[in-house]
Amino acid sequence: LLLVTAFAAFLASATVRADGKCGGNTCDEFSPCCNGSYCSSGALYCMPGLCDPSKSYKPDSCWKVAHCIDQKVDFSSKNAFAPIADYEGDPSKTAFVSQWTPNHASIQNGKLSLTLEKDGDSSLGATVLNTRQIQYGQVSAVVQSGCASPGVVSSVIIRNDKIGDEIDFEFVGGDISTVQSNYYWHNQLDYTKMIKSPHIGDTTQELHTYQINWTPDEITWAVDGKPFRTVKRSDTWDDSAKAYKYPDSEATVSFSIWDAGAGGAQGTIDWAGGLVDWSKGPFNMQVKSIDISCYYKGNDTTYTPPNSDDNSEEDESSDNSDSSEEESSDSSNSEEDSSDSDGGVSNTKTGTSSNGKSNGGSSKDAASDDDVESGADSSFNSPLILASLVSAFAVVAGSAVTRF
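Everything numeric here is computed off the predicted structure, so don't read it as measured data.

Draft legend 1. Local environment of the pattern of salt bridges. Applying the stated criterion across every chain yields a total of seven salt bridges. Asp291 is paired through a salt bridge with Lys72; the nearest N and O atoms lie 3.6 Å apart. Separated by 219 residues along the polypeptide, Asp291 in strand E23 (residues 283-294) and Lys72 in strand E5 (residues 71-74) bring together distant segments of the chain. By relative accessible area, Asp291 is classed as partly exposed at 32%.

If you want it as structure tokens, here you go:
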């Protein structure tokens, strides 16, 4: 009877667990989350979009998606930003996190600063992610681009990296007086849909408000309250695909700065205005504040931090923003396990967005111990470092296939 019971327990555990095979490693209860080919714990491995549920110790090893609530984030406030190594999974305590190690993002003079600089023969940029996801709503960011040289790209992106849906603003050093708008559906890249804003002024010297208003029916891009582009869902119908090619999946808001020449793709270099003049660096993108207003209201009133000893849900009594939450009967954005989520982030496992454009991080395909600064173990075998190296290498590989 004991043998039968033990065997039944084994079968039960086998059906609950994912395969646990993460590259050449096997995730366990102490290093439960898989990102790329490495297992560990912490945000770099366990955040939704970074964590692969099918390769982790269990499908629910990955942290649950934190859905949208209205946020007014001033980056001079203490809960606005943290390095990813310091983030413990509770979005009520941190609104945005860096993705890279070293992170090259910090709070400077009350603003979020993302830095791109020369790193030996390579370059190192930055990506910063919102700790919540949004499906429709309005995003307004007060930004100064960092594109003070040809070849430097800054961006404000709403992206689901798993599905490949994206809505963005992109600034390029080849034209500092406008911002580009674009959108993608299921990673189907069509750069001909890019439309520039009217003349703004010097985007590298002035703060402007860049707004995306995203509803189930249309997307509108605006600068300083003046709309300059609207895409209607009804106009995106593709008869051959029998689908509306319109981004509609829950996604992550992010900021990034990166070197268009990191992967050597000539099309990307030309698009950004040429190679970076490093004598003008380092380059800093600054974000003063961001307002996020959810289309679906009140769909995340509780949250359980992943490190909590109590598995019961706790009221999210304080948030990182002046948030308003209303009850809603809408169930399309109800709390769900990350194993069922299509949510994602720009530049997650590979260090590039799936359209192949490097959105920050290192363009290096190798790094020494001295290249990595984090709160984790600094030995070369540290999973935190290894994941950063994988991401860094993928920047080169991903960038090489873009914008020919």
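Draft legend 2. Up close: the pairing of strand E8 (residues 105-108). Relative to strand E9 (residues 111-119), E8 runs antiparallel, the two being bridged by four bridges. Across the sheet, Ile107 pairs through a bridge with Leu112, a residue of E9. Remark: two residues form the turn of the hairpin made by E8 and E9, two consecutive strands paired antiparallel; Asn109 in that turn has positive phi of roughly 55°.

Draft legend 3. Representation of the environment of Cys62. Mapped onto the elements, Cys62 comes out in the loop between helix H2 (43-46) and E5. Judged by its relative accessible area of 3%, Cys62 falls in the buried class. Placed 30 residues apart in sequence, Cys62 and Pro32 show a C-alpha to C-alpha distance of 8.0 Å.

Draft legend 4. The arrangement of the side chain of Ser154 in detail. Position of Ser154 among the secondary structure elements: in strand E13 (residues 152-160). Within the structure, Ser154 has its side chain in polar contact with the backbone nitrogen of Gly146 (distance 3.0 Å). If we ignore the near neighbours within four places in the chain, the residues touching Ser154 are Ser145, Gly146, Cys147, Phe169, Glu170, Phe171, Ser256, Ile257 and Met285.

Draft legend 5. Region of the structure containing empty space enclosed by the protein. For the structure shown, the criterion picks out five cavities of 30 Å³ or more. Size it by volume and the largest cavity reaches roughly 60 Å³. Around the largest cavity sit 10 residues that line it, and Met47, Pro48, Asn130, Thr131 and Gln133 are the ones nearest its centre. Of the residues forming the lining of the largest cavity, the biggest block, four residues, is contributed by strand E11 (residues 126-134). For the lining of the largest cavity, the per-class residue count stands at five nonpolar, four polar and one charged.

Draft legend 6. Molecular detail of the nonpolar core. Residues Phe75, Phe255 and Ile290 are the most contacted members of the largest nonpolar core, which totals 49 residues. Counting residues per element, this core draws most heavily on E23, which supplies six residues. Apart from the residues within four sequence positions on either side, Ile290 is in contact with Gln71, Lys72, Val73, Phe75, Phe96, Val139, Ser140, Ala141, Val253 and Phe255. Of all hydrophobic cores here, the second largest spans 14 residues; its members include Cys33, Cys51, Ile84 and Val97.

Draft legend 7. Up close: the sheet that holds E11. One open sheet accounts for eight strands, arranged E6-E7-E11-E22-E13-E14-E15-E16; its pairing is mixed. The open sheet has two edge strands, strand E6 (81-82) and strand E16 (195-196), and neither has a second partner. Pairing between strand E14 (residues 165-172) and strand E15 (residues 175-184): six bridges, direction antiparallel. Each bridged residue has a counterpart across the sheet, and for Asp168 the counterpart in E15 is Asn182.

Draft legend 8. Geometry of the pairing of strand E18 (residues 218-223). Counting buried residues in E18 gives five out of six residues, a clear majority hidden from the surface. Following E18, the chain reverses through two residues before pairing antiparallel with strand E19 (residues 226-232); Asp224 in that reversal takes a positive phi of roughly 50°.

Draft legend 9. Structural context of the packing of aromatic side chains. Under the defined criterion, the tally for this structure stands at 16 aromatic pairs. Ring centres 6.4 Å apart and planes at 75° place the aromatic pair Phe75 and Phe255 in the edge-to-face group. Note that Phe75 is positioned in the loop between E5 and E6 and Phe255 in strand E22 (residues 251-259), a separation of 180 residues in sequence. Just as Phe75 is buried, Phe255 falls in that class too. Consider the rings of Phe171 and Tyr210, whose centres lie 4.9 Å apart with planes at 90°: the pair is edge-to-face. With Phe171 in strand E14 and Tyr210 in strand E17 (residues 208-214), this residue pair connects regions lying 39 residues apart in the sequence. By relative accessible area, Phe171 is classed as buried at 1%. You can call Tyr210 buried: its relative accessible area is 1%.

Rules and cut-offs
Residues numbered from 1 in each chain as written. Predicted model: local features only at pLDDT ≥ 70, side-chain atom pairs only at ≥ 80, totals over all residues. Heavy atoms only, no water. Salt bridge = Lys/Arg side-chain N within 4 Å of Asp/Glu carboxyl O. Helix = DSSP H or I, 4+ residues; strand = E, 2+ residues; numbered from the N terminus. Buried < 20%, exposed > 50% of the residue type's maximum accessible area, 1.4 Å probe, protein only. Pairing = 2+ DSSP bridges. Polar contact = N/O pair within 3.5 Å; in protein donor to acceptor, adjacent residues only side chain to side chain. Contact = heavy atoms within 4.5 Å. 1 Å grid on protein atoms, 1.4 Å probe; cavity = no way out; pocket = protein on both sides within 12 Å on 5 of 7 lines; lining within 4 Å. Points joined across faces, edges and corners; volume = space filled by probe spheres on them. Nonpolar A, V, L, I, M, F, W, Y, C, P; charged D, E, K, R; others polar. Core = buried A, V, L, I, M, F, W, Y, C linked by side-chain atoms within 4.5 Å. Phe/Tyr/Trp six-rings, centres within 6.5 Å; stacked < 30°, edge-to-face > 60°.

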